[in-house]
Amino acid sequence: MDEPETTPTERTGTAEPAAAGTTGPRPSRLARLARRGPLLLVLITAVHLAMLLSYAFVYPTWTGYDEAQHVDMVYGLQHGAGWPAPGEKMIATGVAATSDDFDRGRYQDMFQSGGKRRGAAPFAEIDPTPRDQRKSFDALGGPTPVDDGRLSNQMVQHPPLIYAVGAVVLRALPGSGDWAYDQQVFVLRLLNILVVAPLPLLAWLAARRFGLGEPSALAAAALPLAIPGFTRVGATFNNDGILMLTTGGLTVVLAGVLRGDLRRRTALWAGLWLGLALLSKAFALTLPAMIVAAYLVGWWRGRAAGAADAAGAAETGVRGWRRLRIVVGSLPWIPALLAVGLGLALGGWWWVRNYLLYDAVQPNGWATNPPRREPLLLPDSFLTWFWYFFRTMISRFWGGLGMFEPPQLSPIAIVLATVAVVGLSVTAVVGRRRSARPERLSLAAGVVVLLLPVAFAYLEVGQRSWAEYQRYTRGIAVQGRYLYLGLVGLGVVVALGLRRALPGRERLAPLVLLVGALLMQGAALLAICSYYWLPRRVSFTPARIPDVVSAIGRWAPFPVGVTIAVFVLAALLFAGTIAGAGAGAWQRPAAPASDSAAGPDSDSKVAAVTPTQPSAAAVDPTAATSPGGPVTARSGPQD
């Protein structure tokens, strides 16, 4: 039998009395605190927030993906523009007055086309408008649409949820309309930061509901920190963040469903998260398939674990069509239909509206096929496109640090990170062969379900990119950031794989992820600062750090002291979190209790949750962190 995930001592965070006649060194205060999972979870979340804030300063206003277009949608709602049809929303003059420098003006070559290598000046050599002279959107031209014949704002193809929230936030802040444009954009960046801030918590909750122990759950929480491209996207204003949050919340709920939680209350939570996801972005349209798959796996797991004893007795001696009818009748029709139906009712109407108005579920936001500026991919063949798509998706998943490239992560970092994540994911799917075959298969199926958002997004991006390649012979819309909606599920899978790769040493898992995150973030910041924040023909050295911070501070919307404080806070939190994880990792665990775990790698039978069993709320963090361990949606002895 595999070792338990955690012992009762580890769940409660209290130490068992030492056996009579034994002595040993008393754990340090730091070690005792680090062994309490929720504390380390708070630290991981704090580092996550601090890094997001740091990137919000490292990237000047308008350097997020399509940030000007996203902000323009908020500004339009503030001024009664509504939601125009595709091709009819022109960017506001007040927004274009400053954002054009990045999109089509004096910074365009350096920012979008790697122009620094051809002599274009980076941000470090450019003097921005002095902070006290920066005007508001209204003063820069207001909501009047530009009329220079440019392409329209294509963001009308997306649902308005996050833009409406942004408009409400800005309207709620007294006098915000008179603030400098970069300060208004920073408020919207803070909104997106708050939206993605819970991702470590969601990953931890999902891991606990899936049956992982505390160290593995903390490793899952740390994974978002190890992806600099995600930090960059989370620190700027866009509609990706709301999709990550809602898909992450849905994953938390479905992690319990995969363990047999088929209650209707859980289905309602799943439907709520699905509805919100459908109001964020078209990638959510595949999530109903994930819900159906999760309920099928949870039903299968319950039958394999003996939770369907009544159905099994009814099937005894029954053959043919009658047996099939019994099996079909035992399927979780009601909760699955409730979850999908509620989600479609809450958010599916938007896509029905699009189809009725524009004859397309997601119409072309430009209402035309614009000229493309991406380079040609020759020779014209499927293999040419596939090789570009394959390697670009990987590199931009880890380090989409510029509008295109540069800056970019080191190829070595990208390859090592990719091999690690793919290898751990395969390990999670394959599993160990000590448990019974039905249990192994149901766990493998659950792992696959957790990866479905990433897989579906990858296929959707590939399908669109191939269609565009056939039209333009160019690599278009190949963005690794579209996979971030599945970070919570990916974190659980990586944590499970890491647990299996470290048998008996699971306490090292959070430390391993955090050290990896430090290396990845360090490599990313080195690339970003070397390209944007150092003069031409100047290499980075530690002595250049004051120059880099000074240059960033000149572009920031607030005095340089705020920039310095954010950077120092992020560094201190990162160091403290790694120290806490290290103290917990090297602390000798208490002897395992006699009751074995029922985690994913356990041989012991896991009773499936039935509607009559008491259990915690589907996504109630207090239930997940109670002294009794993870939520009781995983009934029976737990890790």
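Above this note sits the structure.
The text that follows walks through the structure, step by step, so that each part is easy to find. Along each chain, residues carry numbers from 1 onward, in the same order as the chain's sequence is written. With pLDDT at 70 or above as the cut-off, local features in this predicted model cover only qualifying residues; side-chain atom pairs require 80 or more to be listed or tallied, and sums for whole chains, interfaces and linings still use all residues. Processing note: side-chain calculations cover all non-hydrogen atoms of the structure and skip hydrogens and water entirely.

### Observations concerning the packing of helix H9 (residues 199-209) against helix H10 (residues 214-222)
Where H9 contacts H10, the two axes come as close as 7 Å, and the packing angle between them is 145°. The two elements H9 and H10 cross, and the hand of that crossing is right-handed. Residues Pro200, Ala203, Trp204, Ala207 and Arg208 of H9 form the contact with H10, whose participating residues are Glu214, Ala217, Leu218, Ala220 and Ala221. Looking at side-chain class alone, the contact of H9 with H10 contains eight nonpolar, no polar and two charged residues. Think of each axis as a best-fit line through the C-alpha atoms, taken over the contacting stretch in the case of a helix, with angles from 0 to 180 degrees between the N-to-C directions. By the criteria applied, helices consist of DSSP H or I runs no shorter than four residues and strands consist of E runs no shorter than two, each listed in order from the N terminus. Crossings are assigned a handedness: left-handed for a near helix turned anticlockwise from the far helix by less than a right angle, right-handed for a clockwise turn. Any two residues whose heavy atoms approach within 4.5 Å are treated as being in contact. Each residue is assigned to one of three groups, with Ala, Val, Leu, Ile, Met, Phe, Trp, Tyr, Cys and Pro labelled nonpolar, Asp, Glu, Lys and Arg labelled charged, and all others, Gly among them, labelled polar.

### Some thoughts on the packing of aromatic side chains
The geometry of an aromatic ring pair comes down to the distance between the two centres and the angle between the two planes. Note on aromatic contacts: the rings of Phe and Tyr and the six-membered ring of Trp form a pair at centre separations within 6.5 Å, being stacked when their planes are under 30 degrees apart, edge-to-face when over 60 apart, and tilted otherwise. Tallied over the entire structure, the rule returns 36 aromatic pairs. The structure contains a cluster of three or more aromatic residues connected by ring pairs, namely Tyr55, Tyr59, Phe102, Tyr107, Phe111, Phe123, Tyr531, Tyr532, Trp533 and Trp555.

### Quick word on the pattern of salt bridges
Salt bridges are defined as contacts in which a side-chain nitrogen from Lys or Arg sits within 4 Å of a carboxyl oxygen from Asp or Glu. Considering all chains together, one arrives at 17 salt bridges under this definition. Notably, a salt bridge pairs arginine 263 with aspartate 261, separated by 2.7 Å at the nearest N-O pair. Assessed through its relative accessible area of 8%, arginine 263 is described here as buried. Residue aspartate 261 is classed as buried on the basis of its relative accessible area of 0%. One salt bridge in this structure joins glutamate 468 and arginine 464, with 3.8 Å as the shortest N-O distance. Of this pair, glutamate 468 and arginine 464 are both found in helix H20 (residues 437-472), four residues apart, which corresponds to roughly one turn of the helix. Only protein chains enter the area calculation, which uses a 1.4 Å probe; residues under 20% of their type maximum are buried, those over 50% are exposed, and those in between are partly exposed. With relative accessibility at 13%, the residue glutamate 468 sits in the buried group.

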